[in-house]
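Coordinate inspection notes
In case you want the letters, here they are:
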Amino acid sequence: MRRWLHLLGLCSLLVAALPAPARAAKRIVSLNLCTDQLALMLADRAEIVGLSPLVQDCSGSVLCQKAQDVPVLSSTAENVIGAHPDVVLAGQFTARVAVKAAREVGAKVLTLPPASSLVDIPVQIMQVAQAVGHPERGQQMVDAFLKRLALLSISLQADDPVAAVYEANGFVAGAGSLPDDVLAHAGLRNLSTVAGITAAGRVPLETLLAQQPDLLVRDRSGQGYSLAQAMLDNPVLERFFSGKHVVDIPASLWLCGLPQTLDAVALLRHARNNLKQTEGAE
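Residues numbered from 1 in each chain as written. Predicted model: local features only at pLDDT ≥ 70, side-chain atom pairs only at ≥ 80, totals over all residues. Heavy atoms only, no water.

In the nomenclature of an unreviewed UniProt entry, the chain corresponds to Ferrichrome ABC transporter substrate-binding protein from the organism Acetobacter tropicalis.

Brief notes about the packing of helix α2 (residues 33–42) against helix α5 (residues 120–132)
Between two packed helices, what matters for the description is the angle formed by their axes and the separation of those axes. Packing of α2 against α5 leaves a shortest axis separation of 10 Å and a crossing angle of 65 degrees. Here the hand of the crossing between α2 and α5 comes out right-handed. Side by side, α2 and α5 meet where Leu 38, Ala 39 and Leu 42 of the first sit next to Gln 124, Ile 125, Val 128, Ala 129 and Val 132 of the second. Counted by class, the contact of α2 with α5 contains 7 nonpolar, 1 polar and no charged residues. (Axes fitted to C-alpha atoms, helices over the stretch in contact; angles between N-to-C directions. Helix = DSSP H or I, 4+ residues; strand = E, 2+ residues; numbered from the N terminus. Left-handed = near helix turned anticlockwise from the far one by under 90°. Contact = heavy atoms within 4.5 Å. Nonpolar A, V, L, I, M, F, W, Y, C, P; charged D, E, K, R; others polar.)

Concerning helix α4 (residues 96–104)
Within the span of α4, buried status applies to Ala 98, Val 99, Ala 101 and Ala 102. One face of α4 carries all of its buried residues, which in axial projection span an arc of 160 degrees. Exposed and oriented more than 90 degrees from the buried face of α4 are Arg 96, Val 97, Lys 100 and Glu 104. Taken together, the buried residues of α4 touch α3 (77–83), β3 (87–91) and β4 (108–112). Just beyond α4, the residue with positive phi is Gly 106, at close to 90 degrees. (Buried < 20%, exposed > 50% of the residue type's maximum accessible area, 1.4 Å probe, protein only. Arc of directions from axis to C-beta.)

Re the sheet that holds strand β7 (residues 215–218)
Read across the sheet, 4 strands follow the order β6-β5-β7-β8 without closing on themselves; strand pairing throughout is parallel. Sheet topology places β6 (189–190) and β8 (246–248) at the edges, where each strand pairs with a single neighbour. Pairing between strand β5 (residues 162–166) and β7: 4 bridges, direction parallel. Bridge assignment links Ala 163 to a residue of β7, and that residue is Leu 215. (Pairing = 2+ DSSP bridges.)

A closer look at unusual backbone geometry
With a phi close to 50 degrees, His 84 is a non-glycine residue in the positive phi region. As for its position among the elements, His 84 is in the loop between α3 and β3. Non-glycine residue Gln 212 carries a positive phi angle of around 50 degrees. Structurally, the position occupied by Gln 212 is in the loop between α9 (205–211) and β7. A residue is classified by how much of its surface remains accessible, and Gln 212, at 62% relative accessible area, is exposed.

A closer look at the state of the cysteines
In a disulfide, the sulfur atoms of two cysteines are covalently bonded to one another. This structure, assessed with the given rule, holds 2 disulfides. Paired by a disulfide, Cys 34 and Cys 256 hold their sulfur atoms 2.1 Å apart. On the S-S bond that ties Cys 34 to Cys 256, the torsion sits near -80 degrees, and the link is left-handed. Placement of the pair is Cys 34 in helix α2 and Cys 256 in the loop between β8 and α12 (261–281), with a sequence separation of 222 residues. (Disulfide = S-S within 2.5 Å.)

So this is what it looks like as structure tokens:
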């Protein structure tokens, strides 16, 4: 509970410290999947002149269906300049040439780092809401997010179940990542933290089985696209992790920090409760 109250206070302070809103932007371009989705939720459809093509890919975008009729453009300087944007939204580490070009033609540019915790989400919502000129929508979204997080979040205990977020090619979610924070709020200990695995480390199947986590968290949204993804259906995994010991969480829920990320918290908390009930029955 103390952890939650600290996050709530920090969110309130950061949101309150944001600058006064500008008028609504008339032409918005986004060059990053995460800012694409925030723009879709906060701006008027007529204000959006281009999002990145990734927003229409349902393996990574939770708003892919909503984005099917939105114009997309690749993240080149020529495309950005040709769109004549008032506001350009981008990720901190992508499309740097296009971002530079946008600044040179006088567009307002907002670049966001990847969200690494749930506390980042309301802050980034308000940053985008301010940039596109709809702070009242951002505040409503933040209020709803914080209210739902308060209902879902539970204090992590030393004896809580251990979960492994196992991804394509054997990568696991590391400490200090958004999935790591989601696990903690759902009352699950991250295998990477328990076993001292470095951030985004690759773990062989044999090592995973030797660690014996209580819950395997998989992303099967891209099933069939590659051999790397198909390894999540390895018969050995299915034998060791079945029933209450496995849960599927679409990567789209936590690739970006969004209000929908709380759906992952809800799914994982339900999985934790099932495990706890099993322990109590033994």
